[in-house]
Amino acid sequence: MLVMVVNAGSSSLKSQLIETETKEVSMKCLAEKVGTDEAYMNVSFAPDFEKKRFEMGGLTVAGCLGKLLEVLGSDPDSPIKSLDEIGAVGNRVVAGGEYFTSSAVIDDEARAKLQLCEELAPLHNPHADACIDMVKELLPNTPQVAVFDTAFHSTMPQKAFMYPLPMHYYNEYHVRRYGAHGTSHQYAAQRGAELVGRPVEDLGIITCHLGNGGSITAVEGGKSIDTTMGFTPLEGLMMGTRSGLIDPAIVTYIMRREGKTPDEMDTVLNKQSGVAAISSVGGDMRDVQAAAEAGNEQAQLAIDMYVYRIQKAIGSYFAILPHTDVIVMTAGIGENSVELREAIFAGLEHLGMKLDKELNADPEARGTDRVISAEDSAVKICVVCADEEMRIASDTAELVSQL
């Protein structure tokens, strides 16, 4: 089945066309800085994947998807002659709440439930829903599937997902920890197990999805038992523009002092905090590292805080796992930042996590899955290139084939 995978981010769109039987990718798309005047989209086709750039200033994430479908249907280099050749569309959705504990075909009932989940991931779910609606408008006869970041974390025990709040908030409003990045964490854990040559069922694994958004998960026997993100993707690590874990009393304190509304406070925490707030140069870690190297003290402080909070999270999961065998680094920063990986593990050697600096920095290994720990490291350290798209395509094909 030819599946179009749609991964709508808070300011990005990633998409691929995947033939699920052969696992061949025939189209790749990446739109970045969406919502700004500098927004652009690169589209490339097999076999050479030469990028074609489109300026996307002023368009929404769903608008970028509409443009991508237009290109797919009209470009002479497109791998398809008609959009009707797309057998199904698989959508990455961050939050499924308690409505969705596994991937689901999107019918009218599921679409209505997705609407109810938007509050759980306000930066992501609305864009995903808009893309689902865009596909329905342009490809009305093509089945769609939602694959949820929260599904992998549905195995968390109650002691991990409950908040110490009055029970009626859970019973009436489903206020609990859901996590996110589940598709990435599940793939990283499985791939990490393969890299060390042991069954995932036998291992205690800590997976670190580090990008503009970030989360860390404790995986025991192939199942998520805890994760840093919570009711929404705001909890946990310090991120590009998100505060991560802070004293909740700060929220009400600022609201009282500055007269902020709930929506205004939500904007502060989700879009004006994190690395961007501390660094003074924005939330892109590449820019922050360049500024720090040039002597910007605020940028260096942002890096120090970012690394410190990751170390604390890894340490906390080392404590709750019965044994920790593997650490996996994945996503944009986890895969690509040699310097940040070195900084993170420099503070964790006493836990048996010893990095091989030469393997970590090997330029020829960039873009490959590999072990980067020293021979005598008690805990193996791996780098895994995120491949959420292939898993989304697989789930989509499996569900649609049953219709």
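Residues numbered from 1 in each chain as written. Predicted model: local features only at pLDDT ≥ 70, side-chain atom pairs only at ≥ 80, totals over all residues. Heavy atoms only, no water.

Chemist: Looking at this model, I keep getting lost on the overall build of the chain. Mind explaining?
Modeler: The number of helices and strands found in the chain is 15 helices and 14 strands. The 403 residues of the chain split such that 52% are buried. If you take every contact in the chain between residues at least 6 apart in sequence, the share linking residues at least 24 apart comes to 61%. When the accessible area of the chain is evaluated, it comes to approximately 18500 Å², of which 50% is carbon and sulfur surface. Taken as two groups, the 34 positive and 58 negative side-chain charges of the chain have centres that lie 3 Å from each other. (Helix = DSSP H or I, 4+ residues; strand = E, 2+ residues; numbered from the N terminus. Buried < 20%, exposed > 50% of the residue type's maximum accessible area, 1.4 Å probe, protein only. Contact = heavy atoms within 4.5 Å. Areas by Shrake-Rupley, 256 points an atom, 1.4 Å probe, with all protein chains shown as cover. Lys, Arg positive; Asp, Glu negative; His and termini not counted. Charge placed at Lys NZ, Arg CZ, Asp CG, Glu CD.)

Chemist: Explain helix H2 (residues 108-116) to me, please; I cannot follow it from the model alone.
Modeler: The α-helix winds at 3.6 residues per turn, so residues separated by three or four positions along the chain end up facing the same way. Among all positions in H2, only Ala-110, Arg-111 and Leu-114 are buried. All buried residues of H2 project into a common sector of 100° when viewed along the axis, lining one side. In this structure, H2 carries Asp-108, Glu-109 and Leu-116 as exposed residues pointing more than 90 degrees from its buried face. Buried-residue contacts for H2 involve strand S6 (88-93), strand S7 (104-105), helix H3 (125-138) and strand S8 (144-148). Capping the start of H2, Asp-107 holds a side-chain oxygen 3.2 Å from the backbone nitrogen of Glu-109, two or three residues further along. (Arc of directions from axis to C-beta. Polar contact = N/O pair within 3.5 Å; in protein donor to acceptor, adjacent residues only side chain to side chain.)

Chemist: Help me understand the sheet that holds strand S4 (residues 40-45), please; the structure alone is not making it clear to me.
Modeler: Strand pairing in a sheet relies on backbone hydrogen bonds, with the paired strands running either antiparallel or parallel. What the 8 strands build is an open sheet, ordered S5-S4-S3-S2-S1-S6-S8-S7; its pairing is mixed. On the outer flanks of this sheet lie strand S5 (52-55) and S7, each paired with one strand and no other. Sheet analysis places S7 next to S8, joined by 2 bridges and oriented antiparallel. Across the sheet, the residue bridging to Ala-104 is Ala-146, located in S8. Its contacts with the sheet place helix H1 (residues 61-74) against strand S1 (2-8), strand S2 (13-19), strand S3 (24-32), S4 and S5, and it is angled at close to 30° to S4. (Pairing = 2+ DSSP bridges. Axes fitted to C-alpha atoms, helices over the stretch in contact; angles between N-to-C directions.)

Chemist: Any chance you could explain a nonpolar patch on the surface here in plain terms?
Modeler: A grouping of Leu-165, Tyr-169 and Tyr-173 is seen on the molecular surface, where their side chains present a nonpolar patch of about 320 Å² in accessible area. Here Tyr-173 is to be found in helix H5 (residues 167-173). (Patch = residues over 30% accessible without salt bridge, like charges linked within 9 Å, V, L, I, M, F, W, Y side chains within 5 Å. Salt bridge = Lys/Arg side-chain N within 4 Å of Asp/Glu carboxyl O.)

Chemist: Where do I start with the sheet that holds strand S10 (residues 214-220) in this structure?
Modeler: Pairing is mixed in the open sheet, where 6 strands are placed in the order S11-S10-S9-S12-S14-S13. In this open sheet, the two edge strands, each paired with only one partner strand, are strand S11 (223-227) and strand S13 (370-371). The strands that helix H6 (residues 182-196) touches are strand S9 (204-210), S10, strand S12 (326-330), S13 and strand S14 (380-383); relative to S9, the one it contacts most, it runs at about 125°. This element, helix H13 (residues 338-346), spans S9, S12, S13 and S14 of the sheet and lies at about 150° to S12.

Chemist: In this structure, what is going on with the packing of aromatic side chains? I would like to understand it.
Modeler: How two aromatic rings sit relative to each other is set out by the distance from centre to centre and by the angle between their planes. In this structure the tally under the stated criterion is 4 aromatic pairs. Each ring, one from Phe-100 and one from Phe-148, has its centre 4.5 Å from the other, and the planes form 15°; the classification is stacked. You can see Phe-100 sitting in the loop between S6 and S7 and its partner Phe-148 sitting in strand S8, a full 48 residues away along the chain. A relative accessible area of 2% places Phe-148 in the buried class. Seen in terms of ring centroids, Phe-161 and Tyr-170 are 6.3 Å apart; in terms of plane orientation they differ by 40°. Their pairing is tilted. (Phe/Tyr/Trp six-rings, centres within 6.5 Å; stacked < 30°, edge-to-face > 60°.)

Chemist: What should I look at first to understand the packing of helix H10 (residues 285-293) against helix H11 (residues 297-320) in this one?
Modeler: Their axes nearest at 8 Å, the elements H10 and H11 cross at an angle of 125°. Of the possible angle classes, the one that applies to H10 and H11 is oblique. Between H10 and H11 lies a crossing of left-handed hand. Of the residues in H11, those touching H10 at Met-285, Val-288, Gln-289, Ala-291 and Ala-292 are Ala-299, Gln-300, Ala-302, Ile-303 and Tyr-306. Of the residues that constitute the contact of H10 with H11, the class distribution is 8 nonpolar, 2 polar and no charged. (Parallel < 35°, antiparallel > 145°, perpendicular 65-115°, else oblique. Left-handed = near helix turned anticlockwise from the far one by under 90°. Nonpolar A, V, L, I, M, F, W, Y, C, P; charged D, E, K, R; others polar.)

Chemist: What is the right way to look at the packing of H11 against H13 in this model?
Modeler: For any two helices packed against each other, the geometry comes down to the angle between their axes and how far apart the axes lie. Viewed as axis vectors pointing N to C, H11 and H13 meet at an angle of 50°, and their least axial separation amounts to 9 Å. Considering the angle they form, H11 stands oblique to H13. For the crossing formed where H11 meets H13, the hand is right-handed. Mapping the contact onto sequence places Ile-303, Tyr-306, Val-307, Ile-310, Gln-311 and Ile-314 in H11 and Leu-340, Ala-343 and Ile-344 in H13. Residue composition of the contact of H11 with H13, by class: 8 nonpolar, 1 polar and no charged.

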